[in-house]
Number of protein chains: 2
Amino acid sequence: MAERIRIAIAGHGNLGRGVEAAVARNADMELAGIYSRRPPEQLKPLQAATPVFGMEALPGHTDRIHVLILCGGSKEDLPVQGPQLAALFNTVDSFDTHARIPEYFAAVDAPARENSRTALISAGWDPGMFSINRVMSEALLPDGATYTFWGDGLSQGHSDAVRRVDGVADAVQYTRPVEEAVERVRRAERPVLSTREKHTRECFVVLEEGADAERVRDAIVTMPHYFDAYDTTVHFISAEELARDHRAMGHGGFVIRSGNTSAGNAQVVEYALKLRSNPEFTASVLVAYARAVHRLHAMGQYGAKTVFDVPPGLLSSRSAEQLRAEEL
Amino acid sequence: MAERIRIAIAGHGNLGRGVEAAVARNADMELAGIYSRRPPEQLKPLQAATPVFGMEALPGHTDRIHVLILCGGSKEDLPVQGPQLAALFNTVDSFDTHARIPEYFAAVDAPARENSRTALISAGWDPGMFSINRVMSEALLPDGATYTFWGDGLSQGHSDAVRRVDGVADAVQYTRPVEEAVERVRRAERPVLSTREKHTRECFVVLEEGADAERVRDAIVTMPHYFDAYDTTVHFISAEELARDHRAMGHGGFVIRSGNTSAGNAQVVEYALKLRSNPEFTASVLVAYARAVHRLHAMGQYGAKTVFDVPPGLLSSRSAEQLRAEEL
Ligand SMILES: NC(=O)c1ccc[n+]([C@@H]2O[C@H](COP(=O)([O-])OP(=O)(O)OC[C@H]3O[C@@H](n4cnc5c(N)ncnc54)[C@H](OP(=O)(O)O)[C@@H]3O)[C@@H](O)[C@H]2O)c1
Ligand SMILES: NC(=O)c1ccc[n+]([C@@H]2O[C@H](COP(=O)([O-])OP(=O)(O)OC[C@H]3O[C@@H](n4cnc5c(N)ncnc54)[C@H](OP(=O)(O)O)[C@@H]3O)[C@@H](O)[C@H]2O)c1
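Residues numbered from 1 in each chain as written. Chains lettered and ligands numbered in written order. Predicted model: local features only at pLDDT ≥ 70, side-chain atom pairs only at ≥ 80, totals over all residues. Heavy atoms only, no water.

Q: Which parts of the structure should I look at to understand the overall build of chain A?
A: Looking only at helices and strands, one finds 11 helices and 14 strands in chain A. Computed over the C-alpha atoms, the radius of gyration of chain A is 22 Å, within 12% of the 20 Å expected from 2.2 N^0.38 for a compact globule of 328 residues. Dimensions of chain A, computed from C-alpha atoms along their principal axes, come out at roughly 60 × 60 × 35 Å. Relative to its full complement of 328 residues, chain A shows a buried share of 57%. (Helix = DSSP H or I, 4+ residues; strand = E, 2+ residues; numbered from the N terminus. Rg over C-alpha atoms; globule rule 2.2 N^0.38 Å. Buried < 20%, exposed > 50% of the residue type's maximum accessible area, 1.4 Å probe, protein only.)

Dropping the structure here:
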């Protein structure tokens, strides 16, 4: 058997733990180590035998690692870590601040090229698998319309926004697609849908002692950008209920494109994800792309890449011959 | 604007007509001509201005054509035309005899390489988009199971088989997924499903005069390979009913994979197609891959390729920068 691909993890949060679980499910890979900004003794890897290091050990470990998976947050961590680490390692990350992707791509591309490294940015499910399906289905049906629906699922950014409201002790926010809108899209009606018609938002809020529920509700549902363009429902619950009923990290959604190949013939392409654990699925995507990055690097393809640049076959542990014989 | 991609069509059946319609919907392409084994005057292109030639004109037309889309049948035409034409042109085809794909790949690869041509084989929806989704979802969820369901749709091969039965004047056969099986797969049960449990078959048969309906029914439902492993329903109808109700070419299906990223967390990935016209959708896929082939050829990637070898971004008429900014 060929040498196994040595994966390492930079940043040990939800995603980092998901990568540990995913590497264990891929026989052609092994976990070389976990790297964190926190003191190693504070971290508990899934497998006790997995070595844990401080981030400062990374520059001395370039020989131990084939692909480093960056599991830091998109807001604060990756803009700093991505460019730095792409100078030293082949990397994969899940950078998901959509509006800043071109800027982040450029910041990672330069050091990766200078050091002959391959750095795949913005993998995961959205950005990631959903992006691929938006691009492919549009290419297949140029005369059509694409719709992305998210949910049912917990949105981290919106939960954070609710938690910042005066009088809120804790909160979670779920994004839900409007079933009727999804059905119209599936029927190839190509509806024009407002923000309000596509998703609803539902908040479960624990109030601070003495907070005024109606003022909190009002502050949430009128919050610009986050809630004002949506129909939002706010439920007030106890801290115990929040802890008991709202710790799951399920998510998912659909990318649906309908288009006409001739005047009378509408065609519908749908890609759907039903995720019990958003971070574990995202991590599994990162790990599959780590395999592709390892191969792209061996082929001399350096610099920043995205999922749009990766041939599907490179994600598989099977050879091109096997895939042709078994899956085509 | 850059020079448009000049597409030509070899073989003018359902797929060939679909390619005509698809090229008209892609602003960066133009149709250079239609080539057929039949005399040009017997063919009616969608646009009267499209030039029609005999196949024998092809060797003299290598300068006029960027990508030749082979629309011949997989059984008799492509095994001969594919290798011959891949020596002269960049090609795309929809070869769908799954068991013979490795052999066909090799037969096309050699002449394409010798002549520095790029030949993409077996594009379409299955093989094609379904193959990509089988491979990618398995790579994302290695601990899981993949299911392909076809239908509701008319199966050409099975319709032909029914037409060969003694006493049958004409017939069509529909393949239908078993809804309960699909639901079990979507619930991530990973069921073990027999052939019979996944699909049913439904035949609409016009009898020859004096034929014995019960003997015909029996011959169909017990036919080895085609029907004996399925629950098959046979309806007898008139030639008028067949012509009126069974000329649509709709099809579709699902590729569903469910898998666990950890013991408690099942994830489900589903890709679904609802096609009003199977040949028009297949043709649209071929045309998008023609764009990719044109680019692969410009990059010096010669020889036979499959959909597994093509980065998704190459299918789009937009640039890599645009795709990163707009779709990631
Ligand atoms: N593309 C997609 O589809 C997709 C989907 C989901 C998420 N994402 C992205 O993935 C990013 C990471 O998500 P996540 O859920 O893994 O975030 P997270 O759990 O907050 O972890 C982010 C970082 O915070 C640090 N951290 C984690 N737990 C900590 C603790 N208890 N105390 C102090 N620091 C801790 C870790 O770095 P150290 O170990 O260095 O301290 C970790 O790398 C998100 O920002 C999001 O942008 C993308
Ligand atoms: N990968 C996929 O998902 C997928 C999906 C659907 C189909 N397919 C493949 O596509 C292949 C072609 O399908 P199709 O529906 O286009 O087949 P078709 O209509 O039977 O055409 C096949 C060839 O037959 C000739 N022909 C067509 N009409 C004719 C007529 N009236 N008289 C005499 N000859 C005629 C044409 O060649 P000339 O012009 O040279 O005579 C044409 O190229 C199938 O064999 C199948 O393998 C693949």
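Q: Would you explain the site of ligand 1 in this entry?
A: All names here are of chain A. Among the 23 residues in the neighbourhood of ligand 1, the closest are listed as Leu-15, Ser-36, Arg-38, Ser-74 and Asp-96. Ser-74 is positioned with one of its side-chain polar atoms (N or O) 2.4 Å from an oxygen atom of ligand 1. Between ligand 1 and Pro-127 there is a distance of 3.2 Å, counted from a nitrogen atom to a backbone nitrogen or oxygen. For ligand 1, whose unbound accessible area comes to 910 Å², protein coverage reaches 70%. Secondary structure elements with two or more residues in the shell around ligand 1: helix H1 (14-24) and helix H10 (278-298). Of the residues belonging to the shell around ligand 1, the class tally is six nonpolar, 12 polar and five charged. (Near = heavy atom within 4 Å. Polar contact = N/O pair within 3.5 Å; in protein donor to acceptor, adjacent residues only side chain to side chain. Areas by Shrake-Rupley, 256 points an atom, 1.4 Å probe, with all protein chains shown as cover. Nonpolar A, V, L, I, M, F, W, Y, C, P; charged D, E, K, R; others polar.)

Q: How do you make sense of the site of ligand 2 when you look at a structure like this?
A: All names here are of chain B. Within the structure, ligand 2 sits among 23 residues, and Leu-15, Ser-36, Ser-74, Asp-96 and Trp-125 are positioned closest to it. Leu-15 has a polar backbone atom sitting 2.8 Å from an oxygen atom of ligand 2. Trp-125 places a polar main-chain atom, nitrogen or oxygen, 2.8 Å from an oxygen atom of ligand 2. For ligand 2, whose accessible area on its own is 910 Å², the fraction buried by protein is 70%. Elements that contribute at least two residues to the shell around ligand 2 include exactly helix H1 (14-24) and helix H10 (278-298).

Q: Sorry if this is basic, but what is going on with the relation of the copies chain A and chain B here?
A: The two chain copies are connected by a rotation around an axis plus a translation along it. Expressed as a screw operation, the relation of chain A to chain B combines 0.0 Å of axial shift with a rotation of 180°, fitting to an RMSD of 0.0 Å. Interpreted geometrically, this transformation is the action of a two-fold axis. Here 100% of the contact residues of chain A are again contact residues in chain B; the copies associate through an equivalent surface. (Least-squares fit on C-alpha atoms with pLDDT ≥ 70 in both. Contact = heavy atoms within 4.5 Å.)

Q: Sorry if this is basic, but what is going on with the UniProt feature "domain: Meso-diaminopimelate D-dehydrogenase C-terminal" (unreviewed entry) in chain A here?
A: According to UniProt, the positions carrying the feature "domain: Meso-diaminopimelate D-dehydrogenase C-terminal" (unreviewed entry) are residues 124-276 of chain A. Structurally, residues 124-276 of chain A is divided into 31% helix and 37% strand, and its ends, taken at the C-alpha atoms, are 15 Å apart. (UniProt positions renumbered as here; feature names shortened; annotations may be inferred.)

Q: Got a minute to help me understand the nonpolar core in this structure?
A: As a rule of thumb, nonpolar side chains are buried together in soluble globular proteins. The biggest cluster of nonpolar side chains holds 144 residues, and the ones touching the most others in it are A:Tyr289 and B:Tyr289. If near-sequence neighbours (up to four positions away) are discounted, B:Tyr289 is found in contact with A:Met136, B:Val92, B:Leu120, B:Ala123, B:Met129, B:Ile132, B:Val307, B:Val310 and B:Leu315. (Core = buried A, V, L, I, M, F, W, Y, C linked by side-chain atoms within 4.5 Å.)

Q: Would you mind going over the packing of H1(B) against H10(B) with me for this structure?
A: Relative placement of two packed helices is described by the angle separating their axes and the distance separating the axes. Residues and elements named next belong to chain B. Running from N to C, H1 and H10 cross one another at 60°; their axes reach a closest spacing of 8 Å. One finds that H1 runs oblique with respect to H10. Like other packed secondary-structure pairs, H1 and H10 cross with a definite hand, here right-handed. Contact residues: Asn-14, Leu-15, Gly-18, Val-19, Ala-22 and Val-23 in H1; Pro-279, Glu-280, Thr-282, Ala-283, Ser-284, Leu-286 and Val-287 in H10. Each residue belonging to the contact of H1 with H10 can be placed in one class, and the counts come to eight nonpolar, four polar and one charged. (Axes fitted to C-alpha atoms, helices over the stretch in contact; angles between N-to-C directions. Parallel < 35°, antiparallel > 145°, perpendicular 65-115°, else oblique. Left-handed = near helix turned anticlockwise from the far one by under 90°.)

Q: It is not clear to me how the packing of aromatic side chains should be interpreted in this structure. Could you clarify?
A: Geometry of an aromatic ring pair is reported as the spacing of the ring centres plus the angle between the planes. All chains considered together, the criterion is met by 10 aromatic pairs over all chains. Measuring from centroid to centroid gives 4.1 Å for A:Phe95 and A:Tyr104, while their planes differ by 15°, and the two rings are stacked. Residue class for A:Phe95 comes out buried when judged on its relative accessible area of 2%. Accessibility expressed as a relative area gives 4% for A:Tyr104, which makes it buried. With 5.7 Å between their ring centres and 80° between their planes, B:Tyr174 and B:Phe204 make a pair best called edge-to-face. With a gap of 30 residues between them, B:Tyr174 in strand S9 (residues 168-177) and B:Phe204 in strand S10 (residues 199-207) connect regions that are remote in the sequence. By way of ring pairs, the aromatic residues A:Trp125, A:Phe130 and A:Tyr271 are connected into one cluster. Taking NZ or CZ as reference, A:Arg324 lies 3.5 Å from the ring centre of B:Phe105, over its face. (Phe/Tyr/Trp six-rings, centres within 6.5 Å; stacked < 30°, edge-to-face > 60°. Lys NZ or Arg CZ within 6 Å of the ring centre and 35° of its normal.)

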